[in-house]
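The chain contents come next:
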Amino acid sequence: MTDTLPDRLSSNPNSPFYDEELLARDIGIRFKGVEKTNVEEYCVSEGWVRLTAGNAKDRFGNPMTVKLKGEVEPYFRQAEPEPEA
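First things first, this report covers the structure right here in the doc. Source: prediction; values computed, not measured.

### Things to note about the overall build of the protein chain
No. 1: What the protein chain contains, in helices and strands, is 1 helix and 7 strands.
No. 2: For the protein chain, the proportion of its 85 residues judged to be buried stands at 26%.
No. 3: Across the protein chain, the fraction of contacts at a sequence separation of at least 24, relative to all contacts at a separation of at least 6, is 49%.

Laid out in structure tokens, this is it:
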């Protein structure tokens, strides 16, 4: 697996930008220089994040989201452990 993150990633399994293997590696997002923990989806090239809006749900039971524009910086929180020889 590479150490580069995709331009766009979603935590929603119904999204075409969902990647379970990549999400399992503990990805962090900095939005406008501030660590965000409630990011549902991001796009670096377009400069936006989609954040959950509290506990609110839509009529299908999905979390309500808010789309904010600004500088997006995804990163791996921890380096991948070295394989044992």
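There is more to say, and it comes next.
### Overview of the packing of aromatic side chains
No. 1: Enumeration according to the criterion identifies 0 aromatic pairs in this entry.
No. 2: Sitting above the plane of the W48 ring, K67 keeps its charged end 4.6 Å from the centroid.

### Examining the environment of R30
No. 1: With respect to the secondary-structure elements, R30 resides in strand 2 (residues 27-31).
No. 2: With 45 residues separating them in the primary sequence, R30 and Y75 have C-alpha atoms 8.1 Å apart.
No. 3: What R30 contacts, discounting residues up to four positions off in sequence, is E35, E71, V72, E73 and Y75.

Cut-offs and rules
- Residues numbered from 1 in each chain as written.
- Predicted model: local features only at pLDDT ≥ 70, side-chain atom pairs only at ≥ 80, totals over all residues.
- Heavy atoms only, no water.
- Helix = DSSP H or I, 4+ residues; strand = E, 2+ residues; numbered from the N terminus.
- Buried < 20%, exposed > 50% of the residue type's maximum accessible area, 1.4 Å probe, protein only.
- Contact = heavy atoms within 4.5 Å.
- Phe/Tyr/Trp six-rings, centres within 6.5 Å; stacked < 30°, edge-to-face > 60°.
- Lys NZ or Arg CZ within 6 Å of the ring centre and 35° of its normal.

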